Each structure stands twice: as C-alpha cells, then as structure tokens.
Amino acid sequence: MRAPFKIGGKEIPAGKRRVVDLPISMMSDHTPATLSVKVIHGRRPGPTVFVSAAIHGDEINGVEIIRRLAMSSRLKTIAGTLILVPIVNSFGFIGHSRYLPDRRDLNRSFPGAARGSLAGRLAHLFMTEVVERSQYGIDLHTAAVHRTNLPQIRIDKRDPRAEELAKAFNPPVVLNSPLREGSLRHAAGEKGVPVMVFEAGEGLRFSELSIRVGVRGVLNVLRHLKMIPAEKKSRTAPPAAFSTRSSWVRAEEGGILAIHGKLGQIVDKGALLGMVSDPFGERETDIRASRAGLIVGHAVLPVVNQGDALFHIAEVARPKAAAQAVERISEDFDADPMYDEDEIL
C-alpha cells in the first residue's frame, strides 16, 4: 500500500480523494480565503501532476475543464497522484477580474514570498504546497479580455520534457513561448517541474470546443505518463502543428472593426483579415496579414484604438495539416454536440 499523500497538514490515503482548503488570508469582512485543491491519490505508484486554472480570475474555461476531469470515470484506477486546483485566484474569480485586489497579476508574482504582498503570498503558497509536490504541471488559461484564442499549448521548446507533454496533449497547435520571469512556468522550471500552458477561448465565456479539447488533452497526458489506461480504440487525431514564431497584426488607426478572418484559418501574407472604419462610414482601412500562417487568436471587441492587437498569426511548418487538424476537431464535436459520457464522465 502506498503511503498517504500529505498536503496542508492533511493526509490522503492511497485510493482516496479529498478536497483540502489551504488558508490564504482573512478578508476584510472576516471571511476566510483559501486555496482549495482536490487530491486524487492512486493506489498504485506513479508521478504527481497538478492541473491548475483561474490564475487569472476571469479565465474560466479551465475551471470547467477541471470540474469535468474530477468527474471522469477514467480516474477511478489512477496511478500516481493528481492535484486539481480549479480556482487559484479566488479573489479575481469572485470579482470577475484578471487581477487580485491589490491589482497585481498573479502570473507575474511567482515564486512569491511568505511575507510579501497578497499576490506574493498566494504565489508562495501555491509553489510550496502544489508545485514542490509535483513532477509535472498543466496550467489552463484563456485569452486576455476582449480576445479569443484557438486551443493551443505554449511551451519553452528548450525543455524537452515540456515538448514531450505538448505532443501527448495534442492540441491543434503548439507555440514556442520563452519563459517570462515572475510566471508560474518560470518559477516551476527553476524547481525542475516542467509546466505547459493551455490557452483556449476568451475570458468570462465558456467555449464548449475549448473545454472539450482541454479535457481530452489532459487525459492524453495522463495516459502518456501511464497514470490512466490507454484507450482501447480511438480515432487517430492529426499531430499538433508546431510554431516557433508568431506576431500580432495591429490597428493602424482607431474605429469600428469588422472581422473576416477566423480562428484556425490559414492565411497568406497580405490576405484580408478585417476592416476598420470610422463611425460615419466615410473611411475604411483594410487589415491585412503581415505574414503567412495560422490565425491562433484575434480581438472580439469591435471598438479599437490605433495600435490595438487584432489578429495573432503563427507560422507553422505544415499549414494545410494544421488547418485540417482544426477542422477535424470541429467536425468531431459537431457530430457529437452533447457530452460524450464515456469520454467525459
């Protein structure tokens, strides 16, 4: 029998699952604030993996991904240990905000400090209780406010372990994204824990496609790590497209944006992506692709200012294959619009 898993002063016996509330602070109205985690501790040995969401409180697709994972029958015979943290930034989640009450971005506050700011203390708690108990991590995000993202994984390709996990996750596209100091990926990497980021959809909105790609991808990673059984039979998914370079097309002037380009669309350099016009309809400016590639993100707010980021285009080695992968995912979900209980539950 495996030894119990210890976290936050609690012990979870092998073969059991439990929600543990890790104290963060006392709020101004005397309400206790906690970092709540669900630990699923398997009977058989294996790695420890954490899956986190809502580091930015308005990025809620990941919350639903983790809720569905927690319900999945695939985890009944799990090997190793899975730590699920659906809402890291509960302050922002409750307030529908990206930030903490002190206006700090939690994903620029790692590794934090036990006696630092509120953001620093929360980052420190997450590092010491979750990251330092894990061998791998998957951090779930959406695009920033007023933007949307094609489901994608972001890794630092200099870490072969992260690249291995990205291939196992098998999203439509994988972007090379250098580590940024203060981020969870950077701080975890300093501790020897590879973390990949899943980006999909937009803030404060559920995207069924994004959620289901996320659930399927996490389960793929757990299979790859031999934490859950392999699927007996499944339709082979196209391999993810890898991109080492991407850039945003920005508005040359302010106005009202009409969007023509779509997520997952392959475009040539100079292709028409949209148009910005003045409120009187007297002036129209075309928005054209600055490079050939795959549209992996775009603005959703039609009111734009000069310099605003409008379309995110990633260069990929096999653009047609990438587009086909996106179409395949959409077709699979269109053919089965309801939850697949065998897959999800």
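For the structure, see preceding data.
Remember, predicted model here, so these are calculated numbers, not experimental data.

Engineer: What am I meant to see in helix H3 (residues 118–129) here?
Structural biologist: Since the α-helix advances by 3.6 residues per turn, residues separated by three or four positions end up pointing in the same direction. Across its twelve residues, H3 extends 16 Å between first and last C-alpha, which sits within 8% of the 16 Å expected from 1.5 Å per residue. Residues Ala 119, Gly 120, Leu 122, Ala 123, Leu 125, Phe 126, Met 127 and Glu 129 constitute the buried set of H3. Residues of H3 that are buried make contact with strand E1 (5–7), strand E3 (16–26), strand E4 (32–41), strand E5 (44–53), strand E6 (79–85) and helix H5 (184–190).

Engineer: Explain the pairing of strand E7 (residues 136–141) here, please?
Structural biologist: Side-chain direction in a regular strand flips from residue to residue, so the side chains alternate between the two faces of the sheet. Burial analysis of E7 places five of its six residues in the buried class, which makes it a mostly covered element. Pairing of E5 with E7 involves five bridges; the strand directions are parallel. Residue pairing in the sheet places Phe 50 in a bridge with Gly 137 of E7.

Engineer: Where do I start with the pattern of salt bridges in this structure?
Structural biologist: Once their charged atoms are close, side chains differing in charge can pair, the charge on each being opposite to the other. Overall, the coordinates contain 19 salt bridges when judged by the stated rule. For the salt bridge of Glu 64 with Arg 68, the shortest nitrogen-to-oxygen distance reads 2.8 Å. In this pair, Glu 64 and Arg 68 are both assigned in helix H1 (residues 61–71), four residues apart and thus about one turn of the helix distant. Neither Glu 64 nor Arg 68 differs from the other in exposure class; each is buried. In this structure, Glu 199 and Arg 154 form a salt bridge, with 4.0 Å as the shortest nitrogen-oxygen distance. With Glu 199 in strand E10 (residues 195–201) and Arg 154 in strand E8 (residues 147–155), the pair connects residues that are 45 residues apart, well separated along the chain. Residues Glu 199 and Arg 154 agree in their burial class; the two are buried. Sharing partners across several salt bridges, the network here consists of Glu 64, Arg 67, Arg 68, Glu 208 and Arg 212.

Engineer: Looking at this model, I keep getting lost on the environment of Thr 244. Mind explaining?
Structural biologist: Along the chain, the position of Thr 244 falls in the loop between strand E11 (241–243) and strand E12 (245–250). Separated by 99 residues in the primary sequence, Thr 244 and Val 145 place their C-alpha atoms 25 Å from one another. Setting aside chain neighbours within four positions, we find Thr 244 in contact with Lys 157, Asn 176 and Glu 315.

Engineer: Where do I start with the packing of helix H4 (residues 160–169) against helix H6 (residues 208–224) in this structure?
Structural biologist: How two helices sit against one another is set out by the angle between their axes and by the gap between those axes. Running from N to C, H4 and H6 point in directions that differ by 125 degrees, and their axes come no closer than 7 Å. One element, H4, and the other, H6, form an angle in the oblique class. Relative to H6, H4 is oriented so that their crossing is right-handed. Of H6, the residues touching H4 (which contributes Glu 164, Leu 165, Ala 168 and Phe 169) are Val 213, Gly 214, Gly 217, Val 218, Asn 220, Val 221 and His 224.

Engineer: Can you help me understand the packing of aromatic side chains in this one?
Structural biologist: The description of an aromatic ring pair uses the distance of the two centres, along with the angle that the planes make with each other. According to the stated counting rule, one finds three aromatic pairs in the structure shown. With a centroid separation of 6.2 Å and 75 degrees between ring planes, the pair formed by Phe 110 and Phe 126 is classed as edge-to-face. Residue Phe 110 is found in the loop between helix H2 (90–95) and H3, and its partner Phe 126 is found in helix H3; the two are separated by 16 residues along the sequence. A relative accessible area of 0% means that Phe 126 is categorised as buried. Note on Phe 169 and Phe 198: the rings are 5.1 Å apart at their centroids and 35 degrees apart in plane angle, and the pair reads as tilted. Of this pair, Phe 169 sits in helix H4 while Phe 198 sits in strand E10, and the two are 29 residues apart along the sequence. Accessibility expressed as a relative area gives 1% for Phe 169, which makes it buried. Phe 198 gets classed as buried once you look at its relative accessible area, which sits at 1%. The rings of Phe 50, Phe 110 and Phe 126 are connected pair by pair, giving a single aromatic cluster. One residue, Arg 147, lies across the ring of Trp 248, its end atom 4.6 Å from the ring centre.

Engineer: Hey, could you run me through the nonpolar core in this one?
Structural biologist: Soluble globular proteins: nonpolar side chains tend toward being buried together. If you look at the biggest cluster of nonpolar residues, it comprises 37 residues, and the most contacted ones within it are Val 51, Leu 82 and Met 196. Every element with two or more residues in this core is listed here: E5, H1, E6, E7, E8, H4, E10 and H6. By residue number, the principal contributor to this core is H6, which donates seven residues. Once you skip the residues sitting within four places of it in the chain, Met 196 turns out to touch Gly 137, Ile 138, Asp 139, Ile 153, Arg 154, Ile 155, Leu 165, Ala 166, Phe 169 and Val 221. In this structure, Ile 12, Leu 35, Phe 50 and Ala 188 belong to the second largest nonpolar core, which totals 32 residues.

About the thresholds
- Residues numbered from 1 in each chain as written.
- Predicted model: local features only at pLDDT ≥ 70, side-chain atom pairs only at ≥ 80, totals over all residues.
- Heavy atoms only, no water.
- Helix = DSSP H or I, 4+ residues; strand = E, 2+ residues; numbered from the N terminus.
- Expected span 1.5 Å × (residues − 1).
- Buried < 20%, exposed > 50% of the residue type's maximum accessible area, 1.4 Å probe, protein only.
- Contact = heavy atoms within 4.5 Å.
- Pairing = 2+ DSSP bridges.
- Salt bridge = Lys/Arg side-chain N within 4 Å of Asp/Glu carboxyl O.
- Axes fitted to C-alpha atoms, helices over the stretch in contact; angles between N-to-C directions.
- Parallel < 35°, antiparallel > 145°, perpendicular 65-115°, else oblique.
- Left-handed = near helix turned anticlockwise from the far one by under 90°.
- Phe/Tyr/Trp six-rings, centres within 6.5 Å; stacked < 30°, edge-to-face > 60°.
- Lys NZ or Arg CZ within 6 Å of the ring centre and 35° of its normal.
- Core = buried A, V, L, I, M, F, W, Y, C linked by side-chain atoms within 4.5 Å.

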